[in-house]
Amino acid sequence: MIDAKPKRISHTDLEQNFREAEPALSSRDAAHEASRCLYCYDAPCIKACPTGIDIPSFIKKISSGNMLGSAKTIMDANPVGASCSRVCPTEELCEGACVLNSTKSPILIGKLQRHATDWAIKSGKDLFFPGAANGKKAAVIGSGPAGLSAARELARLGYETVIYEAEEEAGGLNTYGIVSFRLPKEIAHWEAEQVRRMNVDIRTKTKIGRDVTAGELLDGYDFVILAAGMSKVPDLGIEGENLEGVFDAIEFVKQTKTGELRRDVAGKKAIVIGAGNTAIDGATCAARLGAGNVKILYRRTQEEMTAYDFEYEFAKQDGVEFRWLTAPKRIISNDRGEAAGLECIQMMLGEPDTDGRRRPVPIEGSEHLLPADIIIKAIGQQRHESLIDQFGLAHDGGVVEINPETCQTSNPKVFACGDIVFGKGKGEAMVVTAAQQGKQAAHAIHKLMMKEERREANG
């Protein structure tokens, strides 16, 4: 199954393949696009943005040459606005709400947002500054979109803020979990650095339960925000998934971003199991690493897949094949203990499942073998139940239970936001929604503190 002499892919080609796929607007094109905006009163694009960016305002500032003002307008509402300009499903959010959809093409809001934030990155300017110290301390667990947003807002409100991050670098999902050709690490690093320069202490390589305990955080801080996201991909529960050549999609994408994997895939056959956005990322990474053939297997149909439509189209452009109504049964090995193939079974759709999608049912006697040297598991992500339990928080299978208005957990001192509270029908896990919830958690803490101070002042 594995070629004796797999094709090689040059360092130059790799660099090109992992360079940002979507080109930036030129200054002339940005000015032209900005001039198309109608600057609507009560603009629907603002309402469609989870962080409420004043979109007509930032576009107007591009038109007038006020790039600093434009970037500040964006980043004020969305502390990870540079990342979101690249990864937001804008056609479903702001651009989808643009009034020009009814007559012509919508304003390219995402590209204009990228134009303004790219200017800010190149300028090296600090966009925001910490507020006057209020004497309170807050710990934030996780430095992904929710954690960075919460920490930025807390710093602006005068809190002494420390972020605890288990990985070597800050940025969470944006740094490690989204493919480089959609979101370069440098963008996530700049957003983290903007927060760090507001006197936020970001302690990387620091894991709760190993380097510091939950009890120490609860004792040492006035408030704790849990923004740890989600964990690794769960097991498939089939024979052979511990063989060499079988990967967790999250880890696979991470290794492409850290440069640890690139030459291992060239010329090989790759199969990705799952059809969400992470599966698409795994498949397109494999294709750009030089895999000879890449297939995505999904036990339902295209109509039920959870990946965004633009992700699906992107994968097809990279030559990824899709096998619908196909489920894995076992992974076949060669005589060296490496993955060599995947035994699959055809499925058909039965009655609706608990999530409303029709349940896949195996078709007896439809087993077949697909050759594969690389198998990537992308069937969702596990939850940080151990971390949640260290704080003794109420949760539903790893989805932390919160007051939706305040982000407060069952421990009144602990707040939670981001992917760790999304799931099981609660909210939609997007970078932009995580950013908004981080802001919401920070302001809820401040509101609570101000209320307590008024109570104390009144006796």
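Small disclaimer: the values here were computed from a predicted structure and weren't measured. (Residues numbered from 1 in each chain as written. Predicted model: local features only at pLDDT ≥ 70, side-chain atom pairs only at ≥ 80, totals over all residues. Heavy atoms only, no water.)

Draft legend 1. Main features of the overall build of the protein. A count of helices and strands for the protein gives 17 helices and 16 strands. The C-alpha atoms of the protein give a radius of gyration of 23 Å, which matches the 23 Å a tight globule of 459 residues would have. Over its C-alpha atoms, taken along the principal directions, the protein stretches across nearly 75 × 55 × 45 Å. Taking as baseline every contact in the protein between residues at least 6 positions apart, the subset at least 24 positions apart corresponds to 71%. (Helix = DSSP H or I, 4+ residues; strand = E, 2+ residues; numbered from the N terminus. Rg over C-alpha atoms; globule rule 2.2 N^0.38 Å. Contact = heavy atoms within 4.5 Å.)

Draft legend 2. Examining the packing of helix H4 (residues 55–63) against helix H5 (residues 67–77) more closely. Interhelical geometry of H4 versus H5 gives an angle of 165° and a closest axis separation of 8 Å. With respect to H5, the element H4 is oriented roughly antiparallel. Seen from above, H4 lies across H5 with left-handed handedness. Along its contact with H4, which presents Ser-57, Phe-58, Lys-61 and Ile-62, the element H5 presents Met-67, Gly-69, Ser-70, Thr-73 and Ile-74. Considered class by class, the residues forming the contact of H4 with H5 number four nonpolar, four polar and one charged. (Axes fitted to C-alpha atoms, helices over the stretch in contact; angles between N-to-C directions. Parallel < 35°, antiparallel > 145°, perpendicular 65-115°, else oblique. Left-handed = near helix turned anticlockwise from the far one by under 90°. Nonpolar A, V, L, I, M, F, W, Y, C, P; charged D, E, K, R; others polar.)

Draft legend 3. Quick look at the state of the cysteines. Tallying each qualifying case throughout the model produces zero disulfides. Take Cys-94: it sits in no disulfide, and the sulfur closest to it among the cysteines is that of Cys-49, at 6.5 Å. Distance from the sulfur of Cys-98, which forms no disulfide, to the nearest cysteine sulfur (Cys-40) is 6.8 Å. (Disulfide = S-S within 2.5 Å.)

Draft legend 4. Representation of the environment of Glu-167 in the model. Relative to the helices and strands, Glu-167 is located in the loop between strand E2 (160–164) and helix H10 (173–176). In the structure, Glu-167 is positioned 39 residues away from Thr-206 in sequence and 7.4 Å away in space, judged by C-alpha atoms. Here Glu-167 is in contact with Tyr-176, Thr-204, Lys-205 and Lys-254, once residues within four sequence places are set aside.

Draft legend 5. Quick peek at the domain arrangement of the protein. Along its sequence, the protein is organised into domain 1 (21–121), domain 2 (135–229 + 383–425 + 438–455) and domain 3 (244–375). Relative to domain 3, the C-alpha centre of domain 1 lies at a distance of 34 Å. Taken together, the contacts link five residues of domain 1 with four residues of domain 3. Summing the contributions of domain 1 and of domain 3, the shared interface buries around 320 Å²; its carbon and sulfur component is 66%. Taken together, the connections running from domain 1 to domain 3 amount to zero salt bridges. Here domain 1 and domain 3 share zero residue pairs in polar contact (both at pLDDT 80 or more) between them. (Domains from an automatic or database assignment. Buried area = accessible area lost by both parts, 1.4 Å probe. Salt bridge = Lys/Arg side-chain N within 4 Å of Asp/Glu carboxyl O. Polar contact = N/O pair within 3.5 Å; in protein donor to acceptor, adjacent residues only side chain to side chain.)

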